[in-house]
Amino acid sequence: MSDSTQVAATPAAPAEVPVAVRRAAAKPVSFGQVVGRSPFVPYLFLLPGLALFVVFFAWPAVEAVEASFTDYSIVNPLHVVGFANYTELFHDEVFLAALGHSLIVMVGLLPFSVAIPLWLAILVNRKLRGIQVFRAVYFLPVITSMITVAVAWNYVFADKGVLNWLVATLGLSDAPIHFLLDPHWALASVILVEGWKGIGTYMMIYLAGLQAIPGDLYEAAEIDGAGAWQRFTRVTLPLMRPFMAVALAIEMVNALQVFTSVYVLTQGGPNDHTTTAGYFVWSQAFQHYRFGYASAAGVVVWAILIALALVNHRLTNGKQANTP
Amino acid sequence: MSERQVLRRRRGARWTVRRIGVYLLLAAIAVVFVWPFLFLLATAFKAPTQDVYSFPPSLIPRPPVLTWLHNAWTQIPFPRYLLNSLLYVLGGVPLFVLISAMTAYPLATASFRGSKVMFFAILSTMFVPAELMLIPRFLVANQLGLTNTYAGVILPGVLSAFGVFLLRQAFAAVPAELGEAARLDGCGEWRVFWTVMLPVVRPTLAISAIFGFIFIWNDFLWPLVVLNDDTKYPIALGIAYLTGISGTDTRTLSAGTLLSLVPIVVFFLLLQRQILEGAKGAVKG
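The rules behind these values
- Residues numbered from 1 in each chain as written.
- Chains lettered and ligands numbered in written order.
- Predicted model: local features only at pLDDT ≥ 70, side-chain atom pairs only at ≥ 80, totals over all residues.
- Heavy atoms only, no water.
- Core = buried A, V, L, I, M, F, W, Y, C linked by side-chain atoms within 4.5 Å.
- Buried < 20%, exposed > 50% of the residue type's maximum accessible area, 1.4 Å probe, protein only.
- Contact = heavy atoms within 4.5 Å.
- Buried area = accessible area lost by both parts, 1.4 Å probe.
- Helix = DSSP H or I, 4+ residues; strand = E, 2+ residues; numbered from the N terminus.
- Nonpolar A, V, L, I, M, F, W, Y, C, P; charged D, E, K, R; others polar.
- Expected span 1.5 Å × (residues − 1).
- UniProt positions renumbered as here; feature names shortened; annotations may be inferred.
- 1 Å grid on protein atoms, 1.4 Å probe; cavity = no way out; pocket = protein on both sides within 12 Å on 5 of 7 lines; lining within 4 Å.
- Points joined across faces, edges and corners; volume = space filled by probe spheres on them.
- Patch = residues over 30% accessible without salt bridge, like charges linked within 9 Å, V, L, I, M, F, W, Y side chains within 5 Å.
- Areas by Shrake-Rupley, 256 points an atom, 1.4 Å probe, with all protein chains shown as cover.
- Salt bridge = Lys/Arg side-chain N within 4 Å of Asp/Glu carboxyl O.
- Axes fitted to C-alpha atoms, helices over the stretch in contact; angles between N-to-C directions.
- Parallel < 35°, antiparallel > 145°, perpendicular 65-115°, else oblique.
- Left-handed = near helix turned anticlockwise from the far one by under 90°.
- Phe/Tyr/Trp six-rings, centres within 6.5 Å; stacked < 30°, edge-to-face > 60°.

Of all hydrophobic cores here, the largest spans 179 residues; its most connected members are Y138(A), Y206(A), L26(B) and F171(B). Not counting the four nearest positions on each side in its chain, F171(B) is found in contact with A101(B), A104(B), Y105(B), A108(B), T109(B), F193(B), M197(B), L198(B) and V201(B).

Structure below.
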């Protein structure tokens with residue numbers, strides 16, 4: 001890196017670092033220690049990020065928690081109500097149902113974050129001409145906005161849409177199914193769209209894992225007489241476990257926060273059958289204008305997410321010890 | 001012809017058949033991922049005489065018409081919204097990359113008091129439900145005079161756990177000797193960062209820029225809350241708006257949605273290799 005003189009804006013003073021000091025340090029030497037003279041240097045780097053964190057995350061988060069103990073809304077003058085919002089929440093059938101729906105979404109998205117993308121990753125993890133194109137196509141829904149996806153999926157869900165055409169052709173039902181309006185189908189439809197949109201992300205996670213597996217492991221297994229299925233269960237699956245852990249962590253966070261798809265597809269309907277926890281928070285705030293109540297609901301969701309993250313951290317930390 | 005040659009040829013034939021099978025499978029799956037978009041494409045060009053929905057579904061507009069594209073372009077201030085989105089991307093992406101890198105660098109390479117706290121603080125931003133933050137964030141933005149401004153749209157999206165983690169992995173993989181050599185040469189820490197470390201992690205910078213682009217381009221919830229002047233709408237919000245005003249006019253809506261897809265899809269196709277590598281790199285540890 002001999003071109004280090006090119007940049008003008010450097011607040012650098014010549015550093016005199018005794019090599020012996022550097023050698024003496026047992027831990028890997030890092031810049032806070034080496035430079036020594038300015039232990040606050042790391043903080044200078046962190047300053048802009050920290051400022052943004054305080055202004056757009058910490059401060060609003062504190063305000064949200066505060067608001068959750070009030071009856072803050074656009075019609076009321078503000079009153080502190082203690083835990084009243086929380087008590088009401090746990091008697092609010094819509095909220096409890098919303099938590100249930102979020103749980104269903106979380107379970108319903110599992111195949112879309114584990115089995116299907118893992119299978120796809122194995123499928124596209126081969127040296128074929130043009131395989132890059134297929135990977136890109138499978139990833140396409142990930143880069144498009146949920147609004148676009150909702151407009152596009154309308155052709156799939158409509159009364160005379162693709163799914164109903166399949167239903168009619170296969171003779172499964174005489175009348176068209178109103179996928180987004182039928183209480184039996186609406187949540188499943190939301191899960192289908194969310195799952196479909198996310199598959200590409202998880203496929204990439206598994207692909208990263210697959211490409212890190214040394215090829216000789218498979219060769220050795222083959223020499224030992226392992227068939228394709230055995231090679232999958234004995235070599236691929238164990239080595240993919242840490243990547244599944246990552247995928248599951250992402251899936252849980254995403255599932256509990258599902259909001260935009262509900263907002264653009266069903267608006268929580270029919271009859272709150274697709275009201276997820278995320279949508280509940282939104283509708284209390286922006287349709288019922290009960291900001292205090294909405295904040296309490298949001299705080300509960302937040303607590304659940306943190307609890308899940310901690311559980312996940314515990315579980316995966318145990319496993320990461322025997323990761324290559 | 002020797003026996004071995006025959007064998008090789010036979011194996012070649014079997015291999016070719018298998019390969020065709022794999023391609024057919026790959027193509028069938030590809031259809032699952034693109035079909036909603038294909039209908040979007042078809043409907044945007046269908047003449048009023050042709051049904052949008054039919055059994056079996058029809059994908060070929062006969063004859064193709066440009067009416068709906070024109071409608072979408074004029075019913076909402078389409079060029080204006082595209083320009084706005086471009087502004088948000090041009091303003092947001094460099095900040096996104098720089099802040100991610102500056103935050104990630106010490107977290108990856110230094111051990112200092114509070115590094116753990118900062119790390120978990122950034123991590124925690126992933127767990128806060130976005131809907132919970134909308135109102136208090138709006139109130140904060142309001143107090144800072146950021147509501148209904150371009151800066152107000154851009155700034156909250158600049159700090160992202162994803163960007164920080166991506167670059168933290170990249171910095172952690174750079175051999176420590178590299179920075180030390182520069183330090184012994186008398187470089188200050190900023191100079192080490194700017195002239196030594198950043199060039200080394202340039203591929204990852206590119207990846208985080210790409211993801212920053214995608215995040216910013218597709219976000220519509222925060223702009224919806226923070227903007228009350230619809231001349232500042234990004235195109236994603238414009239499409240939501242078009243959904244509202246065009247109601248049952250599926251053709252215009254499809255045309256508008258299609259138009260809004262063009263920039264991000266072109267961008268994706270141009271950079272798909274880096275995007276896909278990046279999606280993988282984010283989880284490699």
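Read on, since the account is not over.
What follows covers the interface of chain A and chain B. Size of an interface, as often reported, equals the accessible area lost when the parts are brought together. Facing 106 residues of chain A, the contacting portion of chain B comprises 100 residues. The largest per-residue losses of area from chain A upon contact with chain B belong to F45(A), F56(A) and Y155(A), which jointly make up 9% of the total buried on that side. Ranked by the residues each element gives to the side of chain A that touches chain B, the list is headed by helix α3 (residues 41-67) of chain A, at 18 residues. Class assignment for the residues of the side of chain A that touches chain B results in 77 nonpolar, 20 polar and nine charged.

Moving on to helix α8 (residues 131-143) of chain A. All names here are of chain A. If you check α8, its first and last C-alpha atoms are 19 Å apart, about what 13 residues at 1.5 Å a residue would give, namely 18 Å. Counting buried positions along α8 yields twelve of 13 residues, so the element is predominantly enclosed. Residues of α8 that are buried include every one of I131, Q132, F134, R135, A136, V137, Y138, F139, L140, P141, V142 and I143, and no others.

What follows covers the UniProt feature "transmembrane region" (unreviewed entry) in chain B. Residues and elements named next belong to chain B. Here the UniProt feature "transmembrane region" (unreviewed entry) sits at residues 20-45, 86-105, 117-138, 150-171, 192-217 and 252-271. Across residues 86-105 one finds 100% helix and 0% strand; the C-alpha atoms that close the span lie 28 Å apart. For residues 192-217, helix accounts for 96% and strand for 0%, while the C-alpha atoms at its two ends are 32 Å apart.

Turning our eyes to something else, we now look at the environment of V158(B). Inspection of the secondary structure puts V158(B) in the loop between α6 (150-154) and α7 (161-173). Judged by its relative accessible area of 2%, V158(B) is buried. Each C-alpha atom, one on V158(B) and one on G212(B), is 8.2 Å from the other, the two residues being 54 residues apart in sequence. When sequence neighbours within four positions are dropped, the list of residues in contact with V158(B) reads L52(A), G92(B), L95(B), F96(B) and I99(B).

Residue and element names in this part refer to chain A. Of the pockets and cavities examined, the second largest pocket occupies roughly 950 Å³. I122, N125, R126, Y218 and T236 are, among the 21 residues lining the second largest pocket, the residues nearest its centre. At five residues, the largest contribution of residues to the lining of the second largest pocket is made by helix α13 (residues 228-256). Counted by class, the lining of the second largest pocket contains eleven nonpolar, four polar and six charged residues.

On the surface, F40(A), Y43(A), L44(A), L47(A), L50(A) and V54(A) cluster together into a nonpolar patch covering about 540 Å² of accessible area. Here L44(A) lies in helix α3.

What follows is about the pattern of salt bridges. Residue and element names in this part refer to chain B. Using the criterion set out here, one finds four salt bridges over all chains in the structure. When the shortest N-O distance is used, the salt bridge between R183 and E189 registers 2.8 Å. On the basis of relative accessibility, which here comes to 6%, the residue E189 falls in the buried class. With a shortest N-O distance of 3.7 Å, K232 and D229 are connected by a salt bridge.

Our next topic: the packing of helix α9 (residues 146-157) of chain A against helix α11 (residues 186-212) of chain A. Residues and elements named next belong to chain A. α11 packs onto α9 with a crossing angle of 125 degrees between their chain directions and a minimal axis gap of 11 Å. Taken together, the axis directions place α9 and α11 in an arrangement best described as oblique. Two packed elements cross with a definite hand, and for α9 against α11 that hand is right-handed. Contact residues: M146, V149, W153 and F157 in α9; S189, L192, V193, E194, W196 and K197 in α11.

Okay, the UniProt feature "transmembrane region" (unreviewed entry) in chain A next. Look at the UniProt record and you will see "transmembrane region" (unreviewed entry) annotated at residues 40-62, 94-124, 136-156, 243-265 and 291-311 of chain A. Secondary structure content for residues 243-265 of chain A is 87% helix and 0% strand, and the end C-alpha separation is 31 Å.

One pass over the full model with this rule turns up 46 aromatic pairs over all chains. On the numbers, 6.0 Å between centres and 55 degrees between planes, the contact of F83(A) with Y86(A) is tilted. Using a relative accessible area of 58% as the deciding quantity, one classes F83(A) as exposed. Pairing W196(A) with F37(B) gives two aromatic rings, centres 5.9 Å apart and planes at 40 degrees, and the pair type is tilted. Highlighted residues: W196(A) in helix α11 and F37(B) in helix α1 (residues 3-45), drawn from two different chains.

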